[in-house]
Amino acid sequence: MRVMLFADMEGVAGIQGWEYVGGKSPKYEEGRRLYTDEINAAVRGCKTGGATEIVCIDGHGGAHEGGKPFMSWIGDQLESGAEYVVGHPWARYIEPLQSGCDAVLFIGAHARAGTELGVLSHTVSSESWYNASVTSRCDESTRTFLGESGIVAAIAGSFGVPCIFVSGDEATCIEVENLVGSGVVQACVKKGLGRFSARNMAPADACALIERQVQVALSVRATWPQPLALGAPVTFKVE
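Note that the coordinates shown come from a computational prediction; the quantities given were computed from them, not determined experimentally. (Residues numbered from 1 in each chain as written. Predicted model: local features only at pLDDT ≥ 70, side-chain atom pairs only at ≥ 80, totals over all residues. Heavy atoms only, no water.)

A. Examining the packing of aromatic side chains more closely. Per the stated rule, a full pass over the model turns up five aromatic pairs. With centroids separated by 6.1 Å and ring planes inclined at 80°, the aromatic side chains of Phe6 and Trp90 adopt a geometry described as edge-to-face. Of this pair, Phe6 sits in strand β1 (residues 2–7) while Trp90 sits in the loop between β3 (83–85) and α2 (95–98); the two residues are 84 residues apart in sequence, bridging distant segments of the chain. Ring centres of Trp73 and Tyr84 lie 5.6 Å apart, and the angle between their planes is 80°; this geometry places the pair in the edge-to-face category. (Phe/Tyr/Trp six-rings, centres within 6.5 Å; stacked < 30°, edge-to-face > 60°. Helix = DSSP H or I, 4+ residues; strand = E, 2+ residues; numbered from the N terminus.)

Right, dumping it as structure tokens:
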């Protein structure tokens, strides 16, 4: 079984402020450690669940001030038995999808812009993107608003690959389930109390939940959601 893990930072347990996800703040180093621990937990779950090829993509665009984005994991602490894609522009690394990936899993995902009680909710850019949506076959009645998970799910769906797991806050898990279907396995590691506050699981408990639920997700292939099919041609609109 070949799987692709698409990871982000804002949905990680213990993270609820921008200072955790970039810049000069010491909190960013704490955030990097929490982020690394959760991707490691997911990799362990994949290995136990029978994955034979695991490709992890750092999809977080934050960085040290002046540094490069998509490089937030702590390299020498990453779990063995997987490959890690870092430094690549967001949502553009599709080689696993092209070569026969079986499933996509979201780690540390966050809710789309404007989501009530979505911790650090935004879509691509918290400053310049207000909404992102897709319309199928030039039919306005099909317009669907997407967050980052939805955009990646649509890309994966165009290759016939389903999204089978999501970890993040409660609002994000609901968002992904509503988009891809109830078969998606979830690990809700925190509940938003506002955009910049949350009731978090302890990081160790969050990692244990992610590892366990990823293993479950890989073991229930018969109930995986269908790939997200939007119906070409698709119009993508950003406000």
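Structure shown, so let's carry the discussion forward.
B. Spatial organisation of the sheet that holds strand β6 (residues 144–145). Read from one edge to the other, the open sheet built from three strands follows the order β6-β5-β10, with strand pairing classed as antiparallel. Each edge of the open sheet carries a strand with a single partner, namely β6 and β10 (234–238). Of the pairings in the sheet, the one linking strand β5 (residues 132–136) to β10 comprises five bridges and is antiparallel in character. Note on β10: the bridge partner recorded for Val134 is Phe236. (Pairing = 2+ DSSP bridges.)

C. The layout of surface pockets, seen in detail. Its boundaries defined by the atoms lining it, the largest pocket holds a volume of some 380 Å³. In terms of lining, the largest pocket is formed by 18 residues, of which the most central are Gly61, Gly62, His122, Val124 and Ser125. Its residues placed into classes, the lining of the largest pocket shows five nonpolar, nine polar and four charged. Along the walls of the second largest pocket sit 14 residues, with Ile151, Ala154, Ile155, Leu230 and Val234 positioned nearest its centre. (1 Å grid on protein atoms, 1.4 Å probe; cavity = no way out; pocket = protein on both sides within 12 Å on 5 of 7 lines; lining within 4 Å. Points joined across faces, edges and corners; volume = space filled by probe spheres on them. Nonpolar A, V, L, I, M, F, W, Y, C, P; charged D, E, K, R; others polar.)

D. Inspection of unusual backbone geometry at higher detail. Of note, the bond from Ala232 into Pro233 is cis; its omega dihedral lies within 30 degrees of zero at 0°. Positioned with a positive phi, Ala91 is a non-glycine residue whose angle comes to about 60°. Structurally, Ala91 can be placed in the loop between β3 and α2. For Leu117, which is not glycine, the phi torsion reads 65° and is therefore positive. The residue Leu117 is located in the loop between β4 (103–109) and β5 in this model.

E. A look at helix α5 (residues 203–219). Spanning 17 residues, α5 covers 24 Å between terminal C-alpha atoms, matching the ideal 24 Å at 1.5 Å per step. Residues of α5 that are buried sit in contact with β1, α1 (26–48), β4, β7 (163–169) and β8 (185–194). (Expected span 1.5 Å × (residues − 1). Contact = heavy atoms within 4.5 Å.)

F. Local environment of the pairing of strand β9 (residues 197–200). Bridging between β8 and β9 involves four bridges; their strand directions are antiparallel. Note that in β9 the partner of Gly194 across the bridge is Ser197. Where β8 folds back on β9, the antiparallel hairpin that results is connected by two residues.

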